[in-house]
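# Inside the fold
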Amino acid sequence: MDSQATSPTVPTPDASPTAQPDATAGVPPPSSAATSEHGPAAEKSGAPAQSNPAVPGDAHRSSGAKRSDWRKPVGLILSLVVIVGAAVLILLVWNVIEHHPRTDDATARANVVGIAPRVRGQILKLNVQDNQSVQAGEVLFEIDPDDYKLALQKAKADLATLDQQIKVARAQDAELKFQVKAAEAGVERGKAELKQAGDTLERMRPLLTNGFVQANDVDKAETAQAVAAAAVAAEEQKLNQARTALSTLATLIAQRRGAEAAVDLAALNLSYCKVSAPFPGRVVSLNISEGAYASAGTPVFSLLDTRKWYVMANFREAEVRHMAPGTEAVVYLTSAPNRRFHGKVQGIGWAVEPEGEVNLPFGGVPYVKRELNWVRVAQRFPVRIEVENPDTNLFRMGASAAAIIQGPPAKP
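Residues numbered from 1 in each chain as written. Predicted model: local features only at pLDDT ≥ 70, side-chain atom pairs only at ≥ 80, totals over all residues. Heavy atoms only, no water.

## Considering the sheet that holds strand 2 (residues 121-126)
The line we're drawing: One requirement defines pairing of two strands: DSSP has to find at least two bridges between them. A run of H or I in DSSP becomes a helix once it reaches four residues, and a run of E becomes a strand once it reaches two; helices and strands are each numbered from the N terminus.
Sheet architecture is open: four strands sit in the order 5-4-2-7, paired in antiparallel fashion. Across the chains shown, the open sheet's two edge strands, defined by having one partner strand only, are strand 5 (274-276) and strand 7 (293-294). Here strand 4 (residues 139-143) runs beside strand 5; their pairing, made up of three bridges, is antiparallel. Pairing of E142 across the sheet is with K274, part of strand 5.

## Structural notes on unusual backbone geometry
Definition in use: Only protein chains enter the accessibility calculation, which uses a 1.4 Å probe; a residue whose area is less than 20% of its type maximum is buried, one above 50% is exposed, and one in between is partly exposed.
Backbone geometry at N131 places phi at a positive 70°, although glycine is not the residue there. With respect to the secondary-structure elements, N131 resides in the loop between strand 2 and strand 3 (133-134). In this structure, S285 is a non-glycine residue whose phi angle is positive, near 60°. Tracing the sequence through the fold places S285 in the loop between strand 6 (281-284) and strand 7. Take S285: its relative accessible area is 45%, and that puts it in the partly exposed class.

## Here's the deal with the side chain of E386
The condition is simple: Any pair of N or O atoms that falls within 3.5 Å is considered a polar contact. Within protein, one atom must be able to donate a hydrogen and the other to accept it, and sequence-neighbouring residues count only if both atoms are side-chain atoms.
Mapped onto the secondary structure, E386 falls in strand 11 (residues 380-387). At a separation of 3.1 Å, a polar atom in the side chain of E386 contacts the side chain of R384.

## Description of the packing of aromatic side chains
Rule in force here: Pairing of aromatic side chains here covers Phe, Tyr and the six-membered ring of Trp, requires ring centres within 6.5 Å, and sorts the geometry by plane angle: under 30 degrees stacked, over 60 edge-to-face, intermediate tilted. Here, over-ring charges are defined by two tests on the NZ atom of lysine or the CZ atom of arginine: distance to the ring centre within 6 Å, and angle to the ring normal within 35 degrees.
If you walk through the whole model with that rule in mind, you get three aromatic pairs. Both rings, one in W309 and one in F395, keep their centres 5.6 Å apart while their planes meet at 45°; by these two values the pair is tilted. Taken together, the positions of W309 in strand 8 (residues 301-316) and F395 in the loop between strand 11 and strand 12 (400-405) put the pair 86 residues apart, joining distant regions of the chain. Overall, the relative accessible area of 1% leaves W309 in the buried class. An angle of 75° between the planes, with centres 5.0 Å apart, marks the rings of F341 and F395 as edge-to-face. A residue pair is termed long-range when its members are at least 10 positions apart, and F341 in strand 10 (residues 336-348) and F395 in the loop between strand 11 and strand 12 qualify at 54 residues. For the residue pair F341 and F395, the accessibility class agrees, reading buried in each case. Through a chain of ring-to-ring contacts, the aromatic side chains of W309, F341 and F395 assemble into a single cluster. Here R384 stacks its cationic end above the ring of Y310, 3.6 Å away from the centre of that ring.

## Details of the pairing of strand 8
Here strand 8 lies mainly inside the structure; 12 of its 16 residues are buried. As judged from the nine bridges shared by strand 1 (residues 102-115) and strand 8, these two strands associate in the antiparallel manner. Following the sheet pairing, T107 is matched in strand 8 by M312. Pairing analysis gives four bridges linking strand 6 to strand 8, with the strands arranged antiparallel. Within the sheet, the bridge partner assigned to V284 lies in strand 8 and is S302. Two strands pair when backbone bridges link them, and strand 8 and strand 11 are joined in this way by seven bridges, in the antiparallel orientation. Looking at strand 11, one finds that M312 is bridged to R384.

## Points about the nonpolar core
Rules: We define the nonpolar core as a collection of buried residues of types Ala, Val, Leu, Ile, Met, Phe, Trp, Tyr and Cys that are connected through side-chain atoms lying within 4.5 Å of one another.
F315, V383, I385 and F395 are the most contacted members of the largest nonpolar core, which has 25 residues in total. When residues of this core are traced back to their parent elements, those giving at least two are strand 1, strand 8, strand 9 (328-333), strand 10, strand 11 and strand 12. If one sorts the elements of this core by residue count, strand 8 sits on top with five residues. Counting 21 residues, the second-largest nonpolar core is a separate cluster that includes V128, C273, V283 and A294.

If you want it as structure tokens, here you go:
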């Protein structure tokens, strides 16, 4: 009884699974105590520990070790690729920024002209409004023309009077020329008589001392010489008067050009009473009404020239060397960031006012500040970029913009 109770029941190899369908279902897994009993014995015997492939933990550890073997080199390669790619990307970005400088310190500009009348007077009619678009030749406003109409009438009357005087002088021209000829002949006759009286007097004076002639005869000769001299003077006076009368026609003809110019000037001033737009653009700064008095040369309002637009972009002094007149550029407006406008560099500013310096008169002592700026900010120079395809509906004077230089300076 005891031997049978203590001897375990060992199933035979021929035992069929069907005879014991679930013999191990109720058997708990071996405890740690049981494994510890076999562990020391195995260690003492020196036999290597064999893993049981049927245990799931051992298979999981072996597969994890295999995966960790290839993850390390792959991760290292990916890290190197990322670092190299970042360095290459930084170099590319630096190269683009260095050779294609850009700035958002830019504004859209256009030429603005003050519309000033060339004559003074009261504004009778104002044909435009502020911000209105106008075409070239369109009348902007009109000045009272009454004063200038009267000035034109007076100039025309002066010219008509002068023409009448010229007509009369031409009618007298033939008679005046005859008078001149007669006066010239009288002068010649008087000179001949004077010469004869002088010669006679010279011949009689030596004879008076010898008693061949009487003193009375000499006195008559002297009187005849004086009379002849007076006659010559009278004839010369007549000649001068005749020539003066003859020269009046030439003087009147010369004066006619001045009278014609006075008429043209009066007509021109009358035309200036209507002030027209010199180019297509937009009216800005219109703050007057009809009835205001306009002075010659004083702008009444301004006209924005919409034919040509440009962008004034401020680039750092180190970036200026990458551009030159003719360099291609791209312009963006802050109000329309999706629109791209092409342009070319027209010129680069050559002078800016140095910050913190004082302009002294010639010969003054240099001014040096006592403080020192430890942070030096690069100076900026204005670059004018002419826009090739401006949209007049988007471009506004003073609008914020951004500019990008597309390429290297154009070769001369």
